[in-house]
Amino acid sequence: MKKIAFILLCICMAQASYAQIAFEGVVKDTLGKPLELANVIALNKKTNALDSYGITNDEGRFRLSLKKNTNYTIKVSFIGLATINDSLTTKEVDLKKDFVMKADNNLQAVELTYEMPVTIKGDTIVYNADSFKNGSEKKLEDVLKKLPGVEVTDDGEIEVEGKTVSKVMVEGKDFFDGDSKLATKNIPADAIDKVEVLKNHNDVSQMRGLGNDQDNIAINIKLKEGKKNFWFGEITAGAGPDERYVANPRLFYYSPKYSINIITDFNNIGSIPFTRRDYFNFTGGFRNAARNTGTNFNVATSDIGFLTLRNNRAQAIDSKFGAANFSYNVKKTWDISGFAIYSGSRTEISENSLNDYLDENIPDETTTTNTRQQSDLGLFKISTTYKPNSNNQLDYDAFAKISNQGERTDFFSSLLGNIDENQAQNPFSINQNVNYYYTLDEKNIFAFEAQHLLQDEDPFYNARLAQSEQFRFTDLLGLNTAQSALNIGQDKRVKTNKLDARMDYWYVLNNKSNINITAGTTLSRQDFNSEIFQLLDNGTVSPLTNALENVTNDVVYNFSDLYLGLHYKIKAGKFTFTPGITAHAYGIKNTQLNTEFKDNFTRFLPDLDVRLQLKSSENLNFRYQMQTDFTDVNQLAEGLVFNNYNSLFQGNRTLENALSHNLNLSYFSFNMFNYTNIFAFVNYNKRVDPIRNRSQFLTIPGTNPGDPDVLSTNSVSSPFNSNFADETVSANGRFERTFGKLKASVGGTLSLSKFTQEINGNRNVNESFTQSYQTRFSTNFRNAPNIEVGYNLSINKYDQGNITNTFTTNSPFVNVDAYFLKSFIFTADYSYFNYKNEERTINSYSFLKADLAYQKKDSKWEYTLSGTNLLNTKSLNQDNSSNFSTSTSEYFIQPRYIILSVKYNL
């Protein structure tokens, strides 16, 4: 891997140095003081194009790469000082020249005739989009991928400094708050003027600088002048063989008074605009009111778990998607915004798996799965902000999720035979948030935040199995065996009412320090009801009255947390220290089986944040937090509950909390002097008294008298507090360097986790070591085709005591885009995968997609011929590890599709 990265970097440096010379120097003021963040650009006198640019470092130094034997106009600018205009003629050798900037006595007369590609203004980085475009870009993600320091993941999420962007705005207005994928996949590239990266972002101006907002990063898109106060967007429709179709109207309107965004996507070619994972991860922009207090109490999803897509691919996918977003400035002091999202899909999934169990007495199991899913998902949000003056701000948000989901699975197990599974659920949740911020004076600032969650989940599960000795739940559940098959059902319902409220007070000592006092509470009630029953051949429902264990649940779980916290923030030179401690009074009570279980205790949780600002765009940050982790009602209900046909779960009402120690060290550097971007972080987590599962695999009697019993794959699991700590160490980093029109990067992610579990009374230590490395090299020429080549390597090692498996995936890739003949755009993405274990290659496959688009200059019509999975790859592979097995799966995907589409640009 290191050799590959080295070769690519050498190519970059060799290409960058071809036919170029270095021009460098120092920019100072009249007192001889170096000027940091001064802009230096070189304009080609012949073409009037910006050939190179630079931003001075903390020593005032700059470096530009210029063409040999060329005449340039050099412009040096700095806010508040007079712009320097100079001429320069390059020869065959490198040049050096220093500049002294003087005060500007006539600022109003300054007229800037150029746009800097990148400018840094405090915590804001501004990219001029046109400086990075080459004409082949279609959407926002195509532009972002070319910006130094910005990454777009395969899922469409934006990352800056390795941190996920939490908010995307357009002209300062929220764009579907809580998700960046809708922005990257839909905002047209030709509408983008500038991209503003807002670090240390806070929506409330009164709160800025009071706390630690290092992890809060937002992006604001500035539109071109011709896109304001006018409808813009595109309407696309296409069709192909085998009745394939696609339709994507996207419309946008922005004015100072209001904005409207409408996005739709209908297709049956496997392009998924909004997945179930996107739905469950969509936050609506809500923040937990109990954040940074040291308490971790999250309401878990209570469904059994639908089979999820691999890399958004399946055997067949039919998607329907519609979303609308608006903002309205009622008056200068009052804003209203909101959105509505619908996503519907019909999916067919086919998968073959091999399960290798930890206990050597359990035989390996091969399975074949054919699944049909239907999913209708809805998201709705309304928000309002009232700010009568700079000292008062009132926010209200309501965010709702509703869905109707069903799944039917034909399942074959080499041990259990044919199994039919049905799942269905119609959950909903409503999250409301009220915030009030008040500034009494420059010394005293108050904030009140309250959040209420109402959630109702009702997953239904049904499994129909053949009568078999391999199915060992028959006696445990008291099933009636005088039936043609074992038809088992389970109803479950979980209702949650949760309130978080906190009051914060800041006393500002001076411009370098403040004191923060926090008082708050979390109050939660969860009602859990479930029942397992049998469906008889005559159509009647039979309760399991002869079960050896309880198969019904009626649980009420109450959780409370009263806390009082104190934090002190102080800046000392380049350091910023924020130590703190929070006192908690916890109370838990669960009522079930006609009895109560209570626990009340207090705990003091310290935390510390230390930030070292090495330079204006280079910092080192250390964070420590002690945290109390609580489970929710799903692990406390002591009646049996089906996880799936093969696994039963029995809760433990006496579970105690776990104590976590979290340490994080992160580094970031954005160096415009040598066009280098670096980020890295290391995270360590240790959980004391963690909640782990104790699994018991049921036995199958020997075939003949005297034969030993053997273990089945049927298990009953129950949670307990382990005496052995869980530990996780993870590291992530990326090095990126830009050489003129060339960019290279090397990155990697490492994660080592260790935890202890019990299987059949035996303690086992599970360790997993996952590694992922990426290296890529890309060009960004305006008048030549561009290419991106790279190599991804992932290594997953699972050590479960008796079983050790290592899976490796090697994946080189090549992406090409070209704008030619002033009318054609050609793009192609190719990736190859070699998936193997320690013994052999399990599968090799590759993907190729390509588009050829034609659009005359100044025409609103565009015609595109698109092909997906052009090599007609049949399947891909994935591996994972559970508490008691390791599995590898072959996953079948959609065949080759060819689509001819027409797009009209508004």
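Before any of the text, the structure's been laid out above.
About the criteria used
- Residues numbered from 1 in each chain as written.
- Predicted model: local features only at pLDDT ≥ 70, side-chain atom pairs only at ≥ 80, totals over all residues.
- Heavy atoms only, no water.
- Patch = residues over 30% accessible without salt bridge, like charges linked within 9 Å, V, L, I, M, F, W, Y side chains within 5 Å.
- Areas by Shrake-Rupley, 256 points an atom, 1.4 Å probe, with all protein chains shown as cover.
- Salt bridge = Lys/Arg side-chain N within 4 Å of Asp/Glu carboxyl O.
- Helix = DSSP H or I, 4+ residues; strand = E, 2+ residues; numbered from the N terminus.
- Buried < 20%, exposed > 50% of the residue type's maximum accessible area, 1.4 Å probe, protein only.
- Pairing = 2+ DSSP bridges.
- Axes fitted to C-alpha atoms, helices over the stretch in contact; angles between N-to-C directions.
- Phe/Tyr/Trp six-rings, centres within 6.5 Å; stacked < 30°, edge-to-face > 60°.

Peer 1: Tell me about a nonpolar patch on the surface, and please be specific about residues and values.
Peer 2: Residues Y258, F326, Y328, W334, I382, Y386, L394, Y396, V434, Y436, F448 and M503 make up a contiguous nonpolar surface patch of about 990 Å² in total accessible area. When residues of the nonpolar patch are traced back to their parent elements, those giving at least two are strand 23 (316-331), strand 25 (365-389), strand 26 (392-413) and strand 28 (428-439). With respect to the helices, strands and loops of the structure, F448 is situated in strand 29 (residues 444-457). Judged by relative accessible area, F448 falls into the partly exposed class, the value being 31%.

Peer 1: Any chance you could break down the sheet that holds strand 2 (residues 39-44) for me, citing the residues and the numbers?
Peer 2: Pairing is antiparallel in the open sheet, where four strands are placed in the order 3-2-5-6. Of all strands in the sheet, those bounded by a partner on one side alone are strand 3 (50-55) and strand 6 (81-89). Averaged over all pairs of adjacent strands, the angle between strand axes in this sheet comes to 15 degrees, irrespective of strand direction. For strand 5 (residues 71-78) and strand 6, the ladder comprises seven bridges, and the chain directions are antiparallel. By the bridge assignment for strand 6, I74 is matched with D86.

Peer 1: Residue-level account of the pairing of strand 16 (residues 192-198), with values.
Peer 2: With six of its seven residues buried, strand 16 lies for the most part within the structure. Two strands pair when backbone bridges link them, and strand 16 and strand 17 (residues 218-223) are joined in this way by six bridges, in the antiparallel orientation. Residue pairing across strands places K194 opposite K222, the latter belonging to strand 17.

Peer 1: A description of the packing of aromatic side chains should follow, citing residues and the corresponding values.
Peer 2: Inspection of the entire model under this criterion finds 37 aromatic pairs. Consider the rings of Y127 and F132, whose centres lie 6.1 Å apart with planes at 70 degrees: the pair is edge-to-face. Exposure remark for Y127: the relative accessible area of 2% places this residue in the buried category. A relative accessible area of 7% means that F132 is categorised as buried. Taking 6.3 Å as the distance between ring centres and 55 degrees as the angle between the ring planes, the aromatic pair formed by Y798 and F807 counts as tilted.

Peer 1: A description of the pattern of salt bridges should follow, citing residues and the corresponding values.
Peer 2: What the rule picks out here adds up to 42 salt bridges. A salt bridge links D177 to K381, with the shortest nitrogen-to-oxygen separation between them at 3.3 Å. With D177 in the loop between strand 15 (173-174) and helix 3 (181-186) and K381 in strand 25, this pair connects stretches of sequence that are 204 residues apart. Take D177: its relative accessible area is 9%, and that puts it in the buried class. The partner of K903 in a salt bridge is E234, with the nearest N and O atoms 3.6 Å apart. Remark: E234 occurs in strand 18 (residues 231-240) and K903 occurs in strand 54 (residues 897-905); sequence separation between them is 669 residues. Each of the two residues, K903 as well as E234, counts as buried.

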